[in-house]
Amino acid sequence: MEKLLFICTGNTCRSPMAEYLARDMIEKQGLSDRIMVTSAGMAAAEGEPASPNALVALQNRGIDANAHRARQLSPELVKEATRIYVMTAAHRDAILRVLPDAAEKITVIGIPDPYGMDLEAYEACLDAICRFFEEELLNITRQE
């Protein structure tokens, strides 16, 4: 089973949007029994909900993420994941300082943080995540 982990800074904007979007895409393709998805933050305030604009951007695509609660990245999450997607190179570098063996499974997506910005910025962020993950999901299913 593939275990995908999306990571951003606070686990309230980018990584939860990526998690819920990926879950939706995986479910629609009938791959839920083969691919699990979760997310975490490098500096998360445990238990915080996703940001309001992240929730609205997802809702505009028919995806409900109201159940999301932020969680802090842990070494266990990194070790359990088969693929790790970080939003920036700085996230990758921070993980590798602590867990250098994770290098092979980390991919930098390159998504700027929309925190504190308007809904349009969140929509653009979600569009970029969607474009990335559509291609990535094809890669994952080809390798199985």
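All values reported here derive from a predicted model rather than from experimental measurement.

Consecutive residues of a regular strand have side chains that alternate between opposite faces of the sheet. Along strand 3 (residues 83–86), one buried face is formed by Arg83 and Tyr85 and the opposite face, lined by Ile84 and Val86, is buried too. The sheet contact formed by strand 1 (residues 2–8) and strand 3 spans four bridges and is parallel. Counterpart to phenylalanine 6 in the pairing with strand 3 is tyrosine 85. Here strand 3 pairs with strand 4 (residues 106–108) via three bridges, running parallel. Note on strand 4: the bridge partner recorded for tyrosine 85 is threonine 107. Traced from strand 3 through helix 4 (residues 89–98) to strand 4, the parallel crossover comes out right-handed.

Taking strand neighbours across the sheet as the criterion, the four strands line up as 2-1-3-4 in an open arrangement whose pairing is parallel. Unpaired on one side and paired on the other, strand 2 (35–41) and strand 4 mark the two borders of the sheet. For this sheet, the mean angle separating the axes of adjacent strands, direction not counted, is 20°. Sheet strands in contact with helix 1 (residues 14–28) are strand 1 and strand 2, and its direction is about 170° off that of strand 2. This element, helix 5 (residues 119–143), spans strand 1, strand 2, strand 3 and strand 4 of the sheet and lies at about 170° to strand 3.

Parameters at a glance
- Residues numbered from 1 in each chain as written.
- Predicted model: local features only at pLDDT ≥ 70, side-chain atom pairs only at ≥ 80, totals over all residues.
- Heavy atoms only, no water.
- Buried < 20%, exposed > 50% of the residue type's maximum accessible area, 1.4 Å probe, protein only.
- Helix = DSSP H or I, 4+ residues; strand = E, 2+ residues; numbered from the N terminus.
- Pairing = 2+ DSSP bridges.
- Right-handed = clockwise from strand over helix to strand, strands pointing away.
- Axes fitted to C-alpha atoms, helices over the stretch in contact; angles between N-to-C directions.
- Contact = heavy atoms within 4.5 Å.

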